[in-house]
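Commentary on secondary and tertiary structure
Each chain, letter by letter, is given below.
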Amino acid sequence: MSGISSRGRVRFVGAVIAVSLAAGAVGCTDGESADAAPDYSTGPTELCGGNAISAEAGKALEVITGSSRFEESDETSTVVHAARELSEKFTSSATGDGDICTAFAEDARQSDRLEVTWELTGGPPEGEPASKFRVLRMGERALAAPDAGVVQFACRNEKSLGSQPAHVDIGVERWSPEEPEGDPEKLTDAYATVAHSVSLAMAKELGCENDGGLEPRPVLDPA
């Protein structure tokens, strides 16, 4: 026979339940503080409007920045918005330039950023690039280095000037007080991959014939 009375059992069970609830409450607050700041960061594939950075390019951004989380892009910092601005130049001028978006790695300084830009040039690429660049077979010409990448492609659509295609450059460049860290070859491939991804998204958004001559995936072998 147990030495605990019925009333004693009730008190004992109530005490056990109270201890269990208290332990559960402590467990919850240990895992997630009620006062924790909200997380406004985002993954790389959500940058620049969410249709510019492929999964492959997202991994490339991690190679470049060393981070998998980034500050959210501004509402107007998108390929869609940039394509609208670029299209207006098709009917009024053969040249122009503008920003697409800026990527800040989480907790990065404002002086450490990755800028993605567009430029409408007067014709196909000419001249020899700087010695730091690797020349790649993407679009009309692509260039990549350990700190920058650019893809140049021709776009013919209903807004093109006459029978001549528009010539578009998409540039990706890191502005940082630090020298690039990491394997130069991997960094070069990473910049080429990000520049290709944004260029393909821009070509599709502009409605360029044959996606501006860009393949579905980046071509990283030297020309």
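Residues numbered from 1 in each chain as written. Predicted model: local features only at pLDDT ≥ 70, side-chain atom pairs only at ≥ 80, totals over all residues. Heavy atoms only, no water.

1. With respect to the side chain of Arg 141
Filter applied, for reference: The numbering of helices and of strands both runs from the N terminus, where a helix is a DSSP run of H or I of at least 4 residues and a strand a run of E of at least 2. Classification of residues uses two cut-offs on accessible area relative to the type maximum, computed with a 1.4 Å probe and protein chains only: under 20% is buried, over 50% is exposed, and between them is partly exposed. Lys and Arg are tallied as positive, Asp and Glu as negative. Neither His nor the chain termini are counted. When a carboxyl oxygen of Asp or Glu is within 4 Å of a side-chain nitrogen of Lys or Arg, the pair counts as a salt bridge. Two N or O atoms count as a polar contact when they lie within 3.5 Å, although within protein this holds only if one can serve as hydrogen donor and the other as acceptor, and sequence-adjacent residues are included solely when both atoms are side-chain atoms. Contact between two residues is taken to exist if any of their heavy atoms lie within 4.5 Å; hydrogens are not considered.
On the secondary structure map, Arg 141 appears in strand S6 (residues 141-145). The charged side chain of Arg 141 is buried without a salt bridge, its nearest counter-charge being Glu 128 at 5.9 Å. Separated by 3.0 Å, the side chain of Arg 141 and the backbone oxygen of Gly 127 make a polar contact. Residues contacting Arg 141, with those up to four places away along its chain left out, are Pro 125, Glu 126, Gly 127, Pro 129, Val 135, Leu 136, Val 150, Val 151 and Gln 152.

2. Brief notes about the packing of helix H3 (residues 79-90) against helix H4 (residues 184-206)
What counts is decided by this rule: Note on method: axes are straight lines fitted to C-alpha atoms, helices fitted across the in-contact stretch only, with angles between N-to-C directions ranging 0 to 180 degrees. Between 65 and 115 degrees an angle is taken as roughly perpendicular, under 35 as roughly parallel, over 145 as roughly antiparallel, and anywhere else as oblique. When the near helix sits turned anticlockwise from the far one by under a right angle, the crossing is termed left-handed; a clockwise turn instead gives a right-handed crossing. Each residue receives one of three labels: charged for Asp, Glu, Lys and Arg, nonpolar for Ala, Val, Leu, Ile, Met, Phe, Trp, Tyr, Cys and Pro, and polar for the others, Gly being one of them.
Look at H3 against H4: their axes get within 9 Å of each other, and the N-to-C directions meet at 60°. Considered as vectors, H3 and H4 are oriented oblique to each other. Read as a crossing pair, H3 and H4 show a hand that is right-handed. From H3, Val 79, Val 80, Ala 82, Ala 83, Leu 86, Ser 87 and Phe 90 reach across to H4, where they touch Val 198, Ala 201, Met 202, Glu 205 and Leu 206. In terms of residue class, the contact of H3 with H4 is built from 10 nonpolar, 1 polar and 1 charged.

3. Considering the confidence of the model for the chain
We apply this condition: Confidence of the predictor at the level of single residues is given by pLDDT, which spans 0 to 100.
Within the chain, residue pLDDT values average 82, and 77% of them lie at 70 or more. A low-confidence stretch, residues 1-34 (pLDDT under 50), is modelled with 2 contacts involving residues beyond four sequence positions or located in other chains.

4. Points about the state of the cysteines
Such a bond, covalent and formed between the sulfur atoms of two cysteines, is termed a disulfide. Inclusion rule: Criterion for a disulfide: a pair of cysteine sulfur atoms at a distance within 2.5 Å.
In this structure the tally under the stated criterion is 2 disulfides. What pairs with Cys 48 in a disulfide is Cys 101, and their sulfur atoms sit 1.8 Å apart. Taking the torsion about the S-S bond as the criterion, the Cys 48 to Cys 101 disulfide, at about 50°, is right-handed. Within this pair, whereas Cys 48 is found in the loop between strand S1 (41-42) and helix H2 (55-65), its partner Cys 101 is found in strand S3 (residues 96-103), the two being separated by 53 residues in sequence. Since its relative accessible area comes to 2%, Cys 48 is described here as buried. Through a disulfide, Cys 155 is tied to Cys 208; the S-S separation comes to 2.0 Å. Around the S-S axis, the bridge from Cys 155 to Cys 208 shows a dihedral of about -95° and counts as left-handed. Note that Cys 155 is positioned in strand S7 (residues 148-155) and Cys 208 in the segment after H4, a separation of 53 residues in sequence.

5. Thoughts on the pairing of strand S8 (residues 166-175)
Our working definition: Criterion used throughout: strands pair if DSSP finds at least two bridges between them.
Across the 10 residues of S8, 7 count as buried, placing the element largely inside the fold. In terms of strand pairing, strand S4 (residues 113-121) meets S8 through 9 bridges, oriented antiparallel. Each residue of the ladder has a partner; that of Thr 121, found in S8, is His 167. The pairing of S7 with S8 spans 8 bridges and is classified as antiparallel. Paired with Gln 152 across the bridge in S8 is Asp 169.

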